[in-house]
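Here's the letter readout for the chains.
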Amino acid sequence: MDKRVLIQKAIANLISGNPTCSDGKLTVSNLAKEAGLHRQRLYDEFPDLVEHFRTQAGSFAPVGVQKQLQLAESAIEQLGKRNDELVQQIKERELRIEVLSALVVELTLQQKQLNLVYLRPNQAGRHP
């Protein structure tokens, strides 16, 4: 296969995030590995393809970065939903606390009324 075609395929593999024999980073070294050529040979014989690759690499974020960004955005969305759930739970619990506090006050007042002892006046109209 023509070396130029090999390099073009290697460029396509790296840009698309489908490396075959490198770590997938958008570097000229990885381009050489993907094409099966020495890096210096790329610079010497195919400077136009090296420049094309650099232009393409500068235009596209590596797929790994894109995936990390998508995962981070998804995590942020999930955390936002969880935060909303927790805020709602807090509001519900605050309402319960208010209701229970009112019940405690009411029961305390009722208990105080039950503890009152009314003295009957004695026959002379005096309390003992």
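Residues numbered from 1 in each chain as written. Predicted model: local features only at pLDDT ≥ 70, side-chain atom pairs only at ≥ 80, totals over all residues. Heavy atoms only, no water.

In the nomenclature of an unreviewed UniProt entry, the protein corresponds to TetR family transcriptional regulator from the organism Rhodococcus cerastii.

*Asks:* Is there a simple way to think about the environment of Phe53 in this case?
*Replies:* Mapped onto the elements, Phe53 comes out in helix H4 (residues 47-59). C-alpha separation for the pair Phe53 and Ala10, spaced 43 residues apart in sequence, amounts to 9.5 Å. In contact with Phe53, other than residues within four places in its own chain, are Ile11, Leu14, Ile15, Leu26, Thr27, Val28 and Leu31. (Helix = DSSP H or I, 4+ residues; strand = E, 2+ residues; numbered from the N terminus. Contact = heavy atoms within 4.5 Å.)

*Asks:* What exactly am I supposed to notice about the pattern of salt bridges here?
*Replies:* Pairs can form between side chains of opposite charge once their charged atoms are near each other. Tallying each qualifying case throughout the model produces 4 salt bridges. The partner of Glu77 in a salt bridge is Lys81, with the nearest N and O atoms 3.5 Å apart. Separated by 4 residues within a single helix, Glu77 and Lys81 lie in helix H5 (residues 63-114), roughly one turn from each other. Using a relative accessible area of 48% as the deciding quantity, one classes Glu77 as partly exposed. (Salt bridge = Lys/Arg side-chain N within 4 Å of Asp/Glu carboxyl O. Buried < 20%, exposed > 50% of the residue type's maximum accessible area, 1.4 Å probe, protein only.)

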